[in-house]
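In case you want the letters, here they are:
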Amino acid sequence: MPAILLPPPTHFRDYVRDDPTLALNLARFQAQGVLAAYVDPFWNVLVRNDLFADVLTGLDNTESIAMWLFSDHGTATLLDPETERSWAVKILKGALARHRTSVQAADLVAGLSRNRDAQRLWSTSVSVSRGRDSRALLRARDAHRNPTSYQLTLTESILAHPIQLVVATPLPSAEPDLD
């Protein structure tokens, strides 16, 4: 299968920023206490709401969820970093297969090749995934550093562009009794 070339992240950022309905979506999620961001196939953050950055402390330094997952900030925030990183590697391998000649692919490989955990996970698995089971909760610390479960949702694409909406909805800490 031939590679699908992607425009650089700046092109996608401009596209998202220029569409007021996409910004409105982020604001609506913010008002509901839901983390949300638009990302490209390599999880470069194009635009995000403030809650997203509040929970993913340090994300604005890299503008990449993939790089953030393998950072000290990711380790401190995620309650099970190994599981989240393994899942991310499976998804990113799929993105690399489709968009291997893109600038984003080169940037991702260069960035992750400097991280021992990323190298280990990349080399010990041949698994590839196109998504995440919505029943698999993301366990992380919230903006106040309290352990929280999030239901993570990834859209496939937005308006025929390879832009995904990532939404992390916090779940109540205790399920109600069913007596």
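Residues numbered from 1 in each chain as written. Predicted model: local features only at pLDDT ≥ 70, side-chain atom pairs only at ≥ 80, totals over all residues. Heavy atoms only, no water.

**Student:** Residue-level account of the environment of Gln151, with values.
**Tutor:** Mapping Gln151 onto the fold places it in strand β4 (residues 147-154). Note on Gln151: relative accessible area 30%, which makes it partly exposed. For the pair formed by Gln151 and Leu138, sequence separation is 13 residues and the distance between their alpha carbons is 6.3 Å. Excluding anything up to four places from it in sequence, Gln151 contacts Ser134, Leu137, Val167, Ala168, Thr169 and Leu171. (Helix = DSSP H or I, 4+ residues; strand = E, 2+ residues; numbered from the N terminus. Buried < 20%, exposed > 50% of the residue type's maximum accessible area, 1.4 Å probe, protein only. Contact = heavy atoms within 4.5 Å.)

**Student:** Pulling in residues and values, what's your account of the sheet that holds strand β5 (residues 164-170)?
**Tutor:** Strand pairing in a sheet relies on backbone hydrogen bonds, with the paired strands running either antiparallel or parallel. The sheet built from five strands is open, its strands ordered β2-β1-β5-β4-β3 with antiparallel pairing. The open sheet has two edge strands with one neighbour each: β2 (45-48) and β3 (138-141). Ignoring which end each strand starts from, the neighbouring axes of this sheet average 30 degrees apart. Sheet topology places β4 next to β5; five bridges connect them, and they run antiparallel. Opposite Gln151, over in β5, you have Thr169 as the bridge partner. Most of the contacts of helix α1 (residues 9-17) go to β2, to which it runs at about 25 degrees, and overall it touches β1 (35-39) and β2. Its contacts with the sheet put helix α2 (residues 20-31) on β1, β2 and β5, and the angle it makes with β1 is roughly 155 degrees. (Pairing = 2+ DSSP bridges. Axes fitted to C-alpha atoms, helices over the stretch in contact; angles between N-to-C directions.)

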